[in-house]
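# Overview (structure and organization)
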Amino acid sequence: MLGRTPTEFEWQAIQMRTSSVDREFVYAITTTKIFCKPSCPSCKPDVEHVRIYKNSDLAMESGYYPCKRCKPGGLKLSNQDWTNQMNAYMDQYYQEHITLRVLADEFHSSPYHLQRVYKSVKGYTPTEYLQKVRIQRAVELLKHTYLSVEEIGHQVGLHNTSYFITLFKNLVGTTPKQYKKTLES
Ligand SMILES: [Zn+2]
């Protein structure tokens, strides 16, 4: 079931963190797959990413996960599911500007807490995961496109070219240029 876009009243209640409507609906966020009570103290998303559900069960059935912070319907999200959602988010949005702070805002936590939980579950940090995703994507672009190294860096969200080259070398073992050459030979 697809949630609907919020009415003016609902959107206002979400922005004002109105607890008196907590029993009337929950709001789901399409980018992070999390859903919240209207009164959730977390940063509020853009309205175009918000879907309204009558209750927590319907949001769950639609593939959303309860927010760790406001625990809608008294539901608790496991750390495993929570960190998997972060990876899915980074898989999709690696081209955007993503920092620990951005992740913490999106996933309704603090940077410190998020990093600690993530590392304990995954064994590596969110930054390491994001770097891996970006470099894997860069490898694909080197293989299948004629884009320059600089352009590929931009495509994968690494806008500082020398940093992109350094990171690529750390993870792949050669520079992007050398890598391209080995493909041609
Ligand atoms: Zn919440």
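Residues numbered from 1 in each chain as written. Predicted model: local features only at pLDDT ≥ 70, side-chain atom pairs only at ≥ 80, totals over all residues.

Entries for the protein chain in the domain assignment read domain 1 (8-74) and domain 2 (78-185). A C-alpha centroid distance of 29 Å is found between domain 1 and domain 2. In this assembly, 11 residues from domain 1 lie in contact with 9 residues from domain 2. Here the side of domain 1 that touches domain 2 is built from residues that sort into 5 nonpolar, 3 polar and 3 charged. (Domains from an automatic or database assignment. Contact = placed C-beta atoms within 7 Å. Nonpolar A, V, L, I, M, F, W, Y, C, P; charged D, E, K, R; others polar.)

Strands belonging to one sheet form pairs held by backbone hydrogen bonds; the direction of such a pair is parallel or antiparallel. Spatially, β3-β1-β2-β4 is the arrangement adopted by the 4 strands of the open sheet, whose pairing is mixed. Either end of the sheet is taken by a strand with one partner, and the two such strands are β3 (50-53) and β4 (65-66). Examined bridge by bridge, strand β1 (residues 26-29) and β3 share 4 bridges and lie antiparallel to one another. By the bridge assignment, Tyr27 is partnered in β3 with Ile52. (Pairing = 2+ DSSP bridges. Helix = DSSP H or I, 4+ residues; strand = E, 2+ residues; numbered from the N terminus.)

Under the UniProt annotation, the feature "domain: HTH araC/xylS-type" (unreviewed entry) is placed at residues 84-182. As annotated, residues 84-182 has a helix share of 75% and a strand share of 0%, and its two end C-alpha atoms lie 34 Å apart. (UniProt positions renumbered as here; feature names shortened; annotations may be inferred.)

Turning next to the nonpolar core. As a rule of thumb, soluble globular proteins bury nonpolar side chains together. Counting 37 residues, the largest nonpolar core has Val26, Tyr27, Ala28, Ile34, Phe35 and Cys36 as its most contacted members. Mapped onto this core, the elements with two or more residues apiece are α1 (8-15), β1, β2 (34-36), β3, α3 (79-93), α5 (111-122), α6 (126-144) and α8 (161-172). Split by domain, this core shows at least three residues from each of two domains, domain 1 (8-74) and domain 2 (78-185). Excluding residues that lie within four positions of it along the chain, Tyr27 makes contacts with Pro6, Ile14, Phe35, Cys36, Pro38, Val50, Arg51 and Ile52. (Core = buried A, V, L, I, M, F, W, Y, C linked by C-beta atoms within 7 Å. Buried ≥ 20, exposed ≤ 12 C-beta atoms within 10 Å, placed from the backbone.)

Next up on the list: the pairing of β1. Here β1 shows a buried face lined by Val26 and Ala28 and a second buried face lined by Tyr27 and Ile29. Sheet analysis places β1 next to β2, joined by 3 bridges and oriented antiparallel. For Ala28, the partnering residue across the bridge sits in β2 and is Phe35. Here β1 folds back onto β2, and the loop between the two strands holds 4 residues, one of which, Lys33, carries a positive phi near 65°.

To continue, consider the packing of α6 against helix α9 (residues 176-184). When two helices pack together, their arrangement is given by the angle between the helix axes and by the axis-to-axis distance. Taken N-terminus to C-terminus, the directions of α6 and α9 make an angle of 45°; their axes are 10 Å apart at the nearest point. As summarised for this structure, α6 and α9 are arranged oblique, according to the angle between their axes. For the pair α6 and α9, the crossing hand works out as right-handed. Note on element contacts: α9 touches α6 through Pro176, Tyr179, Lys180 and Leu183, opposite Ala138, Leu142 and Lys143. Taken together, the residues of the contact of α6 with α9 break down into 5 nonpolar, no polar and 2 charged. (Axes fitted to C-alpha atoms, helices over the stretch in contact; angles between N-to-C directions. Parallel < 35°, antiparallel > 145°, perpendicular 65-115°, else oblique. Left-handed = near helix turned anticlockwise from the far one by under 90°.)

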